[in-house]
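Chain residues, written in single-letter form:
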Amino acid sequence: MTSDPSAADSVEHDDRVDGRDETPNERADRNWDELMQELRVMQTGTQILTGFLLAVAFQPRFTDMDALQVDVYVVLVVLASLATILALAPVVMHRALFGRRRKPELVRVAARIVKVDLTVIAALTIGVTTLIVDFTVGRTAGIVALIASVIGVTLLWFALPASCAAHSATTHER
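Conventions and cut-offs
Residues numbered from 1 in each chain as written. Predicted model: local features only at pLDDT ≥ 70, side-chain atom pairs only at ≥ 80, totals over all residues. Heavy atoms only, no water. UniProt positions renumbered as here; feature names shortened; annotations may be inferred. Helix = DSSP H or I, 4+ residues; strand = E, 2+ residues; numbered from the N terminus. Expected span 1.5 Å × (residues − 1). Buried < 20%, exposed > 50% of the residue type's maximum accessible area, 1.4 Å probe, protein only. Polar contact = N/O pair within 3.5 Å; in protein donor to acceptor, adjacent residues only side chain to side chain. Phe/Tyr/Trp six-rings, centres within 6.5 Å; stacked < 30°, edge-to-face > 60°.

- As recorded by an unreviewed UniProt entry, the chain carries the name Sodium:proton antiporter and is attributed to Microbacterium oxydans.

### Things to note about the UniProt feature "transmembrane region" (unreviewed entry) in the chain
Right, on to step 1. Here, UniProt's "transmembrane region" (unreviewed entry) annotation points to residues 72-92, 113-133 and 139-160.
Right, on to step 2. Within residues 72-92, the helical portion is 100% and the strand portion 0%, while the C-alpha atoms at the span's ends are 30 Å from each other.
Right, on to step 3. Within the segment residues 113-133, helix and strand shares are 100% and 0% respectively, and the terminal C-alpha atoms sit 30 Å apart.

### Here's the deal with helix α3 (residues 67-97)
For an α-helix, the turn length of 3.6 residues means that residues three or four places apart are oriented alike.
Right, on to step 1. With 31 residues, α3 should reach 45 Å at 1.5 Å per residue; the first-to-last C-alpha distance of 45 Å fits that figure.
Right, on to step 2. Inspection of α3 places Q69, Y73, L76, L79, A80, A83, L86, A87, P90 and H94 among the buried residues, and these make up the whole buried set.
Right, on to step 3. In this structure D66 caps α3, since a side-chain oxygen of it lies 3.1 Å from the backbone nitrogen of L68.
Right, on to step 4. At the C-terminal side of α3, G99 shows a positive phi close to 80 degrees.

### Structural notes on the packing of aromatic side chains
Right, on to step 1. By the definition in use, this model includes one aromatic pair.
Right, on to step 2. Summarising the aromatic geometry, the rings of F62 and Y73 are spaced 5.2 Å apart at their centres and angled 70 degrees between planes, so their arrangement reads as edge-to-face. Of the two residues, F62 sits in the loop between α2 (24-56) and α3 while Y73 sits in helix α3, which places them eleven residues apart along the sequence.
Right, on to step 3. Of the residues examined, Y73 reaches a relative accessible area of 7% and is grouped as buried.

Now the structure itself:
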């Protein structure tokens, strides 16, 4: 267990709480494997959104977009690029630190990067949905899609996990 409370968030668990009997290295290996699975899922979604965004610029109707839509589009391309860079950062770090017995530190840093990447992907997903609805249906519908997407992401990606964590904490206290 580390003395840094921010590093303990869902990456490391006290054996007395989760019932696992593993060494710090075994825990780091398991957590690294779980992070890699998460990154695979995130990368697939990001690749699909990035591919969509790249294809948009080469469509004949791209010139029909108004200035706001073009600005949103450019921001989304930047977010897609940032999401890709963030998703690859733990892999690059692993390659740089491979064989140096730094996996627990790597897992802590990678977990933080994944959280940042999820936030970027949330903004990207919300933005792509907003842009598509705004362009195809209209500005009012685009704003409604923006609000609905923000609510959906907030509830499912942030509030639900926080609620589960709070419930789990109260269950373990009993």
